[in-house]
Amino acid sequence: MIPMVDLKTQYLRLKDEIDRGVAEVLENTAFILGPNVKAFEEEAAAYLGVKHTIGCASGTDALHLALLASGVGPGDEVITSPFTFIATAEAIRYVGATPVFVDIDPKTFNIDPEAIDAAITDKTRSVMPVHLFGQPVDMVRISALCDARGLLLIEDCAQSFGASINGRQSGSLGISAGYSFFPSKNLGCYGDGGLVATSSDEVAAKVRMLRNHGSEIRYYHDVIGYNSRLDEIQAAILRVKLRYIDEFNRERRRVAHSYSRLMADLPVQTPFEDGLGVHVYHQYTLLCDRREAVMDALQKAGISSAVYYPVPLHQQNVFADVCAGLSLPVTESVAARCFSLPIYPELEEADIRRIVEVIHAALNG
Ligand SMILES: *Cc1c(COP(=O)(O)O)cnc(C)c1O
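Counting restarts for each chain: residues are numbered from 1 in the order of the written sequence. Where totals are concerned, whole chains, interfaces and linings use all residues; where local detail is concerned, this predicted model gives features only for residues with pLDDT of at least 70, and gives and counts side-chain atom pairs only at 80 or more. Hydrogen atoms and water are omitted, and side-chain values are computed over all heavy atoms in the structure.

Please explain the sheet that holds strand E7 (residues 168-169) as it appears in this structure.
Strand pairing in a sheet takes place through backbone hydrogen bonds and is either antiparallel or parallel in direction. Taken in spatial order, the three strands make up an open sheet running E7-E6-E10, and their pairing is antiparallel. The open sheet is flanked by E7 and strand E10 (277-278), the only strands paired with a single partner. Note that strand E6 (residues 164-165) and E7 share two bridges and pair antiparallel. Bridge pairing in E7 places Ser164 opposite Gln169. A pair of strands is labelled paired if DSSP reports no fewer than 2 bridges between them. Numbering of helices and strands starts at the N terminus; helices are DSSP runs of H or I of at least 4 residues and strands are runs of E of at least 2.

Just checking my understanding: could you explain the sheet that holds strand E9 (residues 194-198) for this structure?
With mixed pairing, the seven strands of this open sheet are ordered in space as E1-E9-E8-E5-E4-E2-E3. Strands at the two margins of the open sheet, each flanked by one partner only, are strand E1 (52-56) and strand E3 (98-101). With strand direction ignored, the average angle separating the axes of adjacent strands in the sheet is 25 degrees. Taken together, the two bridges between strand E4 (residues 124-128) and strand E5 (residues 152-156) define a ladder with parallel strand orientation. Its bridge partner lying in E5, Ser126 is registered against Leu152. The contact criterion used is simple: two residues touch if any of their non-hydrogen atoms lie within 4.5 Å. Lines are fitted to the C-alpha atoms to define the axes, a helix being fitted only along its stretch in contact, and any angle between axes, read from their N-to-C directions, falls within 0 to 180 degrees. Sheet strands touched by helix H4 (residues 87-94): strand E2 (77-80), E3, E4 and E5. Its angle to E3, the strand with the most contacts, is close to 145 degrees.

Explanation requested: the pairing of E4 in the structure shown.
Remark: a regular strand shows side chains that alternate across the two faces of the sheet. Residue exposure (1.4 Å probe, protein chains only): buried if accessible area is under 20% of the type maximum, exposed if over 50%, otherwise partly exposed. For E4, the tally of buried residues reaches four of five residues, placing the bulk of the element in the interior. Relative to E4, E2 runs parallel, the two being bridged by four bridges. Considered in E4, the bridge of Thr80 is made with Met128.

For this particular structure, what's the right way to read the environment of Leu68?
You can see Leu68 is positioned in helix H3 (residues 59-70). Take Leu68: its relative accessible area is 28%, and that puts it in the partly exposed class. Every residue in contact with Leu68, bar those within four places of it in the chain, is listed here: Val95, Leu210 and Tyr226.

Would you mind going over a nonpolar patch on the surface with me for this structure?
Where nonpolar side chains cluster on the molecular surface, the patch consists of Leu26, Phe31, Ile32 and Leu33 and spans about 350 Å² of accessible area. Its place among the elements puts Phe31 in the loop between helix H1 (7-28) and helix H2 (35-48). On the basis of relative accessible area, Phe31 is assigned to the partly exposed category, the value being 38%. Put simply, a patch holds well-exposed residues, over 30% relative accessible area, that have no salt bridge, with like charges counted together within 9 Å and Val, Leu, Ile, Met, Phe, Trp or Tyr side chains within 5 Å. Note on areas: these come from Shrake-Rupley sampling with a 1.4 Å probe, and a residue is covered only by the protein chains present in the view. The salt bridge criterion pairs a side-chain nitrogen of Lys or Arg with a carboxyl oxygen of Asp or Glu, the two atoms within 4 Å.

Looking at this model, I keep getting lost on the site of the ligand. Mind explaining?
The rule for a residue being near a molecule or strand is that one of its heavy atoms must lie within 4 Å of it. Close to the ligand lie 16 residues; Gly59, Thr60, Gln159, Ser180 and Lys185 are nearest. We call two N or O atoms a polar contact when they sit within 3.5 Å, provided that within protein one can donate a hydrogen and the other can accept it, with sequence-adjacent residues counted only if both atoms are side-chain atoms. Here a nitrogen atom of the ligand sits 2.8 Å away from a polar atom, N or O, in the side chain of Asp156. Residue Lys185 places a side-chain N or O atom 2.7 Å away from an oxygen atom belonging to the ligand. Two kinds of site are reported from a 1 Å grid over the protein atoms alone, namely cavities, where a 1.4 Å probe fits but cannot get out, and pockets, open sets with protein on both sides within 12 Å along at least five of seven lines, and residues are called lining when an atom falls within 4 Å of a point. Criterion for pocket placement: a molecule counts as inside a cavity or pocket if more than half of its atoms are within 2 Å of its grid points. More than half of the atoms of the ligand fall within 2 Å of the grid points belonging to the largest pocket. At the level of secondary structure, the elements contributing two or more residues to the shell around the ligand comprise H3 and H4. For the shell around the ligand, the leading source of residues is H3, giving three residues. Note on residue categories: nonpolar means Ala, Val, Leu, Ile, Met, Phe, Trp, Tyr, Cys or Pro, charged means Asp, Glu, Lys or Arg, and polar means any other residue, Gly included. Grouping the amino acids of the shell around the ligand by side-chain chemistry returns six nonpolar, eight polar and two charged.

Here is the structure:
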């Protein structure tokens, strides 16, 4: 079976370094907010080109704390994409704000900047774009729009570690950004983990307090906070993987470009690249009118495939109260036709060719 993602092969490649890092933590016993969390935060900030990063317990928490610390709260509207994982909108709800879903671009599958503009009201406080599947959003237009309208730009970078736009990292353009290190993400640890990135001293100080029970000085509490710290063992693993992230992302791009080249003559829409942004292919996602037939054929051939995401957020029961009657035709059409193929840095060309042969046979044969 060719899996969607192969974490074992990657672990074996890095085994010596990762085992050594984990063993050091066990020896040192500084398990909570120890030296690896601090070092990883510095290394990640340098990589991303931001002033601060703050490790926390998950990507969902990173978005929640980023929203809270950036000042989004009850009564505020946050414009976001309906074509994303639920956590984007959960975080908006956690702070008491209302998610406002607008349509996406049919080529990039990311939030449509014109739709953002049209949805702004007196209550709009923030825009939360998602760099979905590793495809960077059009940050030039979106950040200009947020600046002009006085809106807080908070990026969901859970799928885009290392993706860039005009040479700037995703996550470095707004007031704050949230990253996830869920194991299958393009930068993943071996459990849950997340990170807030910001160049604001004020937001950074607030997130640092909020992730650690609202406390700056031990046993003195200024606000009600949370227990949401990045684990020291996970930080040790992430420090190793961060050194390889550019190589991993390059290999993902190699896989994606092979797929796209081999499928150029098929009735499918392969991922879009505009030449300005660097897509890091957290997922390789296509559109096809005969998705079910292709996925069936792949399964019979021992090849995994998956639909991210079959039900857009504006059609989820949990958002029925804010989305009654809302129709977002591009999102609905994409959700009905999209599917994703296996992608990971170690996926070999021979496997890619075999996968594409099965798709060819399903569509032509
Ligand atoms: C994975 C993901 C999250 C949440 O991250 P967790 O670490 O699983 O909490 C948020 N947004 C998007 C787009 C994601 O893919």
